[in-house]
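Structural overview for review
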Amino acid sequence: MAARNIAYLELTLAMVLVGSTVVAGKLAGATVAPLTATALRLALALPAFLLLLRWRRTPLPALDRHDRVLLCVQAAAGSVGYTAFLLAGLARLPAADAGIVLGTLPAVSALLAATLPGERAGAATWLAVALATMGVLLVSGARSGAAGVPLDPAGLALVLGAVVCEAGFILGARWLRTPLPPVLLSTLLAALGLPLALAGALLFEAPWRARPDAQAWAALLYYALVPTVAGFVLWYSGLARLGAGGGTRAAVFTAFAPVSAVLLSALVLREPLLPAQLAGMGCVAAAAMAAAAPRPQRPTA
């Protein structure tokens, strides 16, 4: 019982840190362009991952061409696309709204998983998608109804793009032929994502002109070391404590991410909390729980 309670605490803290990335991204994006900020975040996180990898003494297995290509795609989607889309969306949306939209990740992942061969969308998946959609619509209504603060459709689309990138990254791990320990996988994705983010920044943003202020540097350092590295350690430590079959129970805790994002946006950024936002947060939290509901087992011959 004690081990399970510790696991639940670790999973909760991990998702609270995930929600805090919205606030950190809002602060960093004020003076740094999205791809440049993504490259800086990965450059700051990679040494920490390498030290963690050395401490764990994790060997690098031989990877075939299929897995190498898949890792590059995952790095482009999860390490680069997710952060770049999120930061670009945060430049157009309040942090609380972006955090609630990010909370649709479990529902989007469940829906995308249903498109894979041998999978199908059950009642729980469709319920999760309906609740997540309702949550986003409530956020849209809150923004549209707020005097002088219209909803930016482009910002909403960018944050949804971040959700799709992260969902694709999560599902892509299923296709790896060689199982990789989580710390090794995170290190490889950071190492592969860094040159991709840097190349994108050089092509589109002229990063040499960036002038991050002290607040942006502090936000980037926090984003790189606390949610990225510490959040990873907490999440996978909690999964390990839950043991086999703990992934479904752990998925429920993703509901804490939008809650954390909304509350921290109000506390740190002084953003007002609107009733429709709170209702949308509740819908998205319920969607995460529905997406994590156990699937009925099919009888086997």
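The protein chain is annotated in an unreviewed UniProt entry as EamA family transporter from Bordetella genomosp. 1. Under Subcellular location (unreviewed entry), UniProt gives the following word-for-word description of the protein chain: "Membrane". UniProt annotates the protein chain under Sequence similarities (unreviewed entry) with the comment "Belongs to the EamA transporter family."

1. Some thoughts on the packing of aromatic side chains
Scanning the model with the defined rule gives one aromatic pair in all. Ring geometry for F49 versus F232: centroids 5.9 Å apart, planes at 75°, classification edge-to-face. Of this pair, F49 sits in helix α2 (residues 34-56) while F232 sits in helix α9 (residues 214-242), placing them 183 residues apart in sequence. Each of the two residues, F49 as well as F232, counts as buried.

2. Overview of the side chain of T38
Note on placement: T38 falls in helix α2. Taking relative accessible area as the criterion, T38 reaches 0% and is therefore assigned buried. The residues contacting T38, other than those within four sequence positions of it, are S79, V80, T83, A84, L87 and A197.

3. Some remarks on the environment of V18
Relative to the helices and strands, V18 resides in helix α1 (residues 2-28). In the structure, V18 is positioned 208 residues away from V226 in sequence and 9.3 Å away in space, judged by C-alpha atoms.

4. Let's talk about the pattern of salt bridges
This structure, assessed with the given rule, holds two salt bridges. Ionic pairing is found between E10 and R241, a salt bridge with its closest N-O pair at 3.1 Å. Here the residue E10 occupies a position in helix α1, and R241 occupies one in helix α9, the gap between them amounting to 231 residues. Measuring nitrogen to oxygen at the nearest pair gives 3.3 Å for the salt bridge that ties R177 to D64. Note that R177 is positioned in the loop between α7 (153-172) and α8 (182-204) and D64 in the loop between α2 and α3 (65-90), a separation of 113 residues in sequence.

5. Focus: the nonpolar core
Nonpolar side chains in soluble globular proteins tend to be buried together. Among the nonpolar cores identified, the biggest contains 28 residues, and F49, L71, L176, L180, L185 and L189 are the most heavily contacted of them. At the level of elements, α2, α3, α8 and α9 are the ones that each hand at least two residues to this core. Not counting chain neighbours up to four residues away, the residues in contact with F49 comprise S186, T187, A190, T228, V229 and F232. By size, the runner-up hydrophobic cluster in this structure holds 25 residues, among which are L102, V136, C165 and L220.

6. Description of the packing of α2 against α3
Relative orientation of the contacting elements α2 and α3 amounts to 130°, with a least axis distance of 8 Å. The pairing of α2 with α3 is recorded here as oblique in orientation. Regarding α2 and α3, the two cross each other, and that crossing is right-handed. Only S79, V80, T83, A84, L87 and A88 of α3 make contact with α2, whose side of the interface consists of P34, L35, A37, T38, R41 and L42.

7. Considerations on the packing of helix α4 (residues 95-102) against α7
Packing of α4 against α7 brings their axes to within 9 Å, and their N-to-C directions diverge by 40°. Once α4 is placed against α7, the crossing between them reads as right-handed. The residues of α7 that touch α4, namely those facing A98, V101 and L102, are L156, V159, L160, A162 and V163. Considered class by class, the residues forming the contact of α4 with α7 number eight nonpolar, no polar and no charged.

The rules behind the values
- Residues numbered from 1 in each chain as written.
- Predicted model: local features only at pLDDT ≥ 70, side-chain atom pairs only at ≥ 80, totals over all residues.
- Heavy atoms only, no water.
- UniProt positions renumbered as here; feature names shortened; annotations may be inferred.
- Phe/Tyr/Trp six-rings, centres within 6.5 Å; stacked < 30°, edge-to-face > 60°.
- Helix = DSSP H or I, 4+ residues; strand = E, 2+ residues; numbered from the N terminus.
- Buried < 20%, exposed > 50% of the residue type's maximum accessible area, 1.4 Å probe, protein only.
- Contact = heavy atoms within 4.5 Å.
- Salt bridge = Lys/Arg side-chain N within 4 Å of Asp/Glu carboxyl O.
- Core = buried A, V, L, I, M, F, W, Y, C linked by side-chain atoms within 4.5 Å.
- Axes fitted to C-alpha atoms, helices over the stretch in contact; angles between N-to-C directions.
- Parallel < 35°, antiparallel > 145°, perpendicular 65-115°, else oblique.
- Left-handed = near helix turned anticlockwise from the far one by under 90°.
- Nonpolar A, V, L, I, M, F, W, Y, C, P; charged D, E, K, R; others polar.

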